[in-house]
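Residue strings, one per chain:
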Amino acid sequence: MRSNTTARTARSRTLRVAAAALIAAAGLSLTACSGSDTDPKPAAAESSAGAQGTDAKVENKAGTANKAASPSRTQKLVDGSTAKIYKLGDLHYRVEIVNDGAELATMEAKEGDAGLDANGMYVVLTAGGEVRSWMGGEHQGPGTFKLAGGWTAKVTKVGELHYRAKIIGHDGEAATIEANQKDAGLDANGSSIVLSSGGVISSHA
């Protein structure tokens, strides 16, 4: 009787040990499968690719900024200063006027001409990027004045630092210049005209 009981007990222990071994093996198998499903290497590669993309964008922006910082050309002005001319787009230009490394003024023309009264030097920047400068020929508005190139300007005061000039030719009124808080300019068939916000008008042909 004791022999049979001992044999059953031994078989029971053997089954429990085998079951435990199977459970452990299954656990290791599940862990291995789970590890292969969540392999961190692809995630790390994706993160690295994302970082490279960010760096590329920064480098591209820096390259664009450097390109924009270089003028398309430079030109000497009548007073000896230099105009740095930047092309920003179609019919869009900016000019920085510098002397001895110091920036004196900036003007921008976008789909139209621009003008500047730079302490008695007059500058026109056309929509096509052409720069013209001269001195003299001033008239203080309001009033009607003869301009270079056969034009007549009728200057009126609209408000504080706000003047308007009607440009009149042989066939009547050809254009209007508005200087409101800042100077304005015009290329009138080869004649350059600047109207300042203080009502001074000057022209050059």
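Just so we're clear, the structure is a prediction, and the values are computed from it rather than from any experiment. (Residues numbered from 1 in each chain as written. Predicted model: local features only at pLDDT ≥ 70, side-chain atom pairs only at ≥ 80, totals over all residues. Heavy atoms only, no water.)

(A) Looking closely at the pairing of strand β6 (residues 121-125). Among the five residues that make up β6, five are buried, leaving the element largely enclosed by the rest of the structure. Side chains M121, V123 and L125 of β6 all project onto a buried face; the interleaved residues Y122 and V124 project onto the opposite face, where all are buried too. Here strand β5 (residues 114-118) runs beside β6; their pairing, made up of five bridges, is antiparallel. Note that in β6 the partner of A118 across the bridge is M121. Between β5 and β6, which pair antiparallel one after the other, the connecting turn spans two residues, and N119 there sits at a positive phi close to 55 degrees. As defined by bridge partners, β6 adjoins strand β7 (residues 131-135) across five bridges and the pair is classed as antiparallel. Bridging across to β7, M121 finds its partner in M135. Counting the residues between successive antiparallel strands, the hairpin from β6 to β7 contains five residues, one of them, G129, with a positive phi of roughly 90 degrees. (Buried < 20%, exposed > 50% of the residue type's maximum accessible area, 1.4 Å probe, protein only. Helix = DSSP H or I, 4+ residues; strand = E, 2+ residues; numbered from the N terminus. Pairing = 2+ DSSP bridges.)

(B) Fine view of the environment of A165. Checked against the element boundaries, A165 lands in strand β11 (residues 162-169). Once the C-alpha coordinates of A165 and A175 are considered, the two residues, ten residues apart in sequence, prove to be 8.4 Å apart. Every residue in contact with A165, bar those within four places of it in the chain, is listed here: K154, V155, A175, T176, I177, L195 and I201. (Contact = heavy atoms within 4.5 Å.)

(C) Representation of the sheet that holds strand β9 (residues 143-146). What the four strands build is an open sheet, ordered β9-β10-β11-β12; its pairing is antiparallel. Two strands bound the open sheet, and with one partner strand each, they are β9 and β12 (172-180). Within the sheet, the average angular offset between the axes of one strand and its neighbour, ignoring direction, is 20 degrees. Relative to strand β10 (residues 152-159), β9 is paired through four bridges, and the arrangement is antiparallel. Note that in β10 the partner of F145 across the bridge is A153. (Axes fitted to C-alpha atoms, helices over the stretch in contact; angles between N-to-C directions.)

(D) Quick look at the packing of aromatic side chains. Enumeration over the complete set of coordinates arrives at one aromatic pair. Stacked on the ring of Y86, the Lys or Arg R94 has its end atom at 4.6 Å from the ring centre. (Phe/Tyr/Trp six-rings, centres within 6.5 Å; stacked < 30°, edge-to-face > 60°. Lys NZ or Arg CZ within 6 Å of the ring centre and 35° of its normal.)

(E) Summary view of the sheet that holds strand β4 (residues 102-110). Spatial ordering of the open sheet is given by β1-β2-β3-β4, a layout of four strands whose pairing is antiparallel. Taken across any chain shown, the strands that pair with only one partner, and hence form the sheet edges, are β1 (73-76) and β4. Strand-to-strand, the axes of this sheet are offset by a mean angle of 25 degrees, without reference to chain direction. Across four bridges, the pairing between β1 and strand β2 (residues 82-89) is antiparallel. Across the sheet, Q75 pairs through a bridge with A83, a residue of β2.

(F) View of the pairing of β12. Of the strand pairs in this sheet, β11 and β12 are connected by eight bridges, and their pairing is antiparallel. Considered in β12, the bridge of R164 is made with E178. Adjacent in sequence and paired antiparallel, β11 and β12 are bridged by two residues.

(G) The environment of I97, seen in detail. Along the chain, the position of I97 falls in strand β3 (residues 92-99). Ignoring sequence-local partners within four residues, the contact set of I97 consists of L77, S81, T82, A102, E103, L104, A105, L116 and V123.

(H) The nonpolar core, seen in detail. In this structure, V155, I167, I177, L195 and I201 are the most contacted members of the largest nonpolar core, which totals 16 residues. Of all the secondary-structure elements, those providing two or more residues to this core are β10, β11, β12, β13 (184-188) and β14 (191-195). Leave out the neighbours within four places in its chain, and I167 touches L147, W151, T152, A153, G172, E173, A174, A175, I177, L186 and I193. Grouped together as the second largest cluster of nonpolar side chains are 15 residues, V95, A105, A109 and V131 included. (Core = buried A, V, L, I, M, F, W, Y, C linked by side-chain atoms within 4.5 Å.)

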